[in-house]
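# Fold and contact review
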Amino acid sequence: MPKHIAIIMDGNGRWAKQKGMLRAFGHENGTKAVRQTVETCAELGVDHLTLYAFSTENWKRPKLEVDTLMKLLVSSLKKEINTLLDNKIKLNAIGDLTSLPKKVYKELQEVIALTKDNTHMDLTLALSYGSREELLSAVKEISIKVKNNIISTENIDESVLNAHLYTQNLPDVDLLIRTSGEQRISNFLLWQIAYAELYFTQVLWPDFTKQHLCEAIIEYQKRERRFGKTSEQIS
Ligand code: FPP
């Protein structure tokens, strides 16, 4: 079982368009796929699930759509608190959280606090998240520490950089899934997916079910992860 699954939930807009509906309808239905995915991961014993819910680039979308997404986040957080508590899921968030509307930030912090002692699974929402921005802010923090003699340049290694990322408490991603047929990473967890298995599916996010998730996991289980070694060394 992959320990850490990360998902780029894509295709809400196209799903709605196919049905002759507004994009907001796609996002609303996307929340149902979020719920099913979270529950399935908890059931299967996945330790960490990270969802790309809103990128730094998504702020450039029309204001109405951004507002809809923010409202959906607040209502989903309110609605799903019991799902999180029942499944002993700890909520976490990564990204430039201070740029979120106050209401979203407040609700997020409340749910994070309410679920902080849960140990069955970590659910991390990437919100106003961009991997390049994350790496830049880590570099800035480290350079300040070098300047103040808290750390020396020779001692900067992968673990130091890791410890300055938003994902400092998470292991590397094992399986990265992207829905909707797009085959790109879109500034998501660039450092953390160095050795992840990538899985792309044509399924649009609102249609993504437990079965699709299981198919992705089965495909992952068939892959040979060599981490630079030879096949013989692995076996
Ligand atoms: C991508 O589809 C999806 C998003 C930008 C937002 C994802 C948000 C949700 C699934 C709902 C709320 C989330 C949570 C965690 C409760 P798109 O709009 O880019 O679709 P398109 O590429 O077809 O236009």
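For the structure itself, look to the data block above.
Residues numbered from 1 in each chain as written. Predicted model: local features only at pLDDT ≥ 70, side-chain atom pairs only at ≥ 80, totals over all residues. Heavy atoms only, no water.

## Remarks on the pairing of strand β2 (residues 48–55)
Counting buried positions along β2 yields seven of eight residues, so the element is predominantly enclosed. Sheet topology places strand β1 (residues 4–8) next to β2; five bridges connect them, and they run parallel. Directly across from Ile8, in β2, lies its bridge partner Tyr52. (Buried < 20%, exposed > 50% of the residue type's maximum accessible area, 1.4 Å probe, protein only. Helix = DSSP H or I, 4+ residues; strand = E, 2+ residues; numbered from the N terminus. Pairing = 2+ DSSP bridges.)

## Quick notes on the state of the cysteines
One pass over the structure, following the stated rule, counts zero disulfides. No disulfide involves Cys214; its sulfur sits 9.0 Å from the nearest other cysteine sulfur, which is in Cys41. (Disulfide = S-S within 2.5 Å.)

## A closer look at the environment of Val104
By secondary structure assignment, the location of Val104 is in helix α4 (residues 102–114). When the C-alpha positions of Val104 and Lys63 are compared, they lie 16 Å apart, and in sequence the two are 41 residues distant.

## Thoughts on the nonpolar core
In terms of nonpolar packing, the biggest core is built from 42 residues, with Ile5, Leu49, Leu91, Leu108, Leu123 and Ile177 touching the most fellow members. Examining the composition of this core, we find that eight residues originate from one element, helix α3 (residues 63–86), more than from any other. Sequence-distant contacts of Leu49, that is, excluding residues within four places in its chain, are made with Ile5, Ile7, Thr37, Val38, Cys41, Met121, Asp122, Leu123 and Thr124. Counting 13 residues, the second largest nonpolar core, distinct from the first, contains Tyr52, Ala126, Tyr129 and Ala196. (Core = buried A, V, L, I, M, F, W, Y, C linked by side-chain atoms within 4.5 Å. Contact = heavy atoms within 4.5 Å.)

## Focus on α3
Spanning 24 residues, α3 covers 35 Å between terminal C-alpha atoms, matching the ideal 34 Å at 1.5 Å per step. At the exit of α3 stands Lys88, carrying a positive phi of roughly 50°. (Expected span 1.5 Å × (residues − 1).)

## Thoughts on α4
If you check α4, its first and last C-alpha atoms are 18 Å apart, about what 13 residues at 1.5 Å a residue would give, namely 18 Å. Those residues of α4 lying buried are Val104, Glu107, Leu108, Val111 and Ile112. Viewed end-on, α4 has its buried residues packed into an arc of 135°, placing them on one side of the element. When the buried face of α4 is taken as reference, the exposed residues oriented beyond 90 degrees from it are Lys102, Lys103, Lys106 and Leu114. Contact partners of the buried residues in α4: α3, β3 (89–94) and β4 (121–129). (Arc of directions from axis to C-beta.)

## A closer look at the site of the ligand
Close contacts around the ligand come from 17 residues, with Asp10, Gly13, Arg14, Arg23 and Arg61 the closest. Note that an oxygen atom of the ligand is positioned 2.7 Å from one of the backbone N or O atoms of Arg14. Within the contact set of the ligand, an oxygen atom lies 2.9 Å away from a side-chain nitrogen or oxygen of Arg23. Relative to its free-state accessible area of 630 Å², the ligand is covered by the protein chains to the extent of 91%. Among the residues making up the shell around the ligand, the classes are represented as five nonpolar, eight polar and four charged. (Near = heavy atom within 4 Å. Polar contact = N/O pair within 3.5 Å; in protein donor to acceptor, adjacent residues only side chain to side chain. Areas by Shrake-Rupley, 256 points an atom, 1.4 Å probe, with all protein chains shown as cover. Nonpolar A, V, L, I, M, F, W, Y, C, P; charged D, E, K, R; others polar.)

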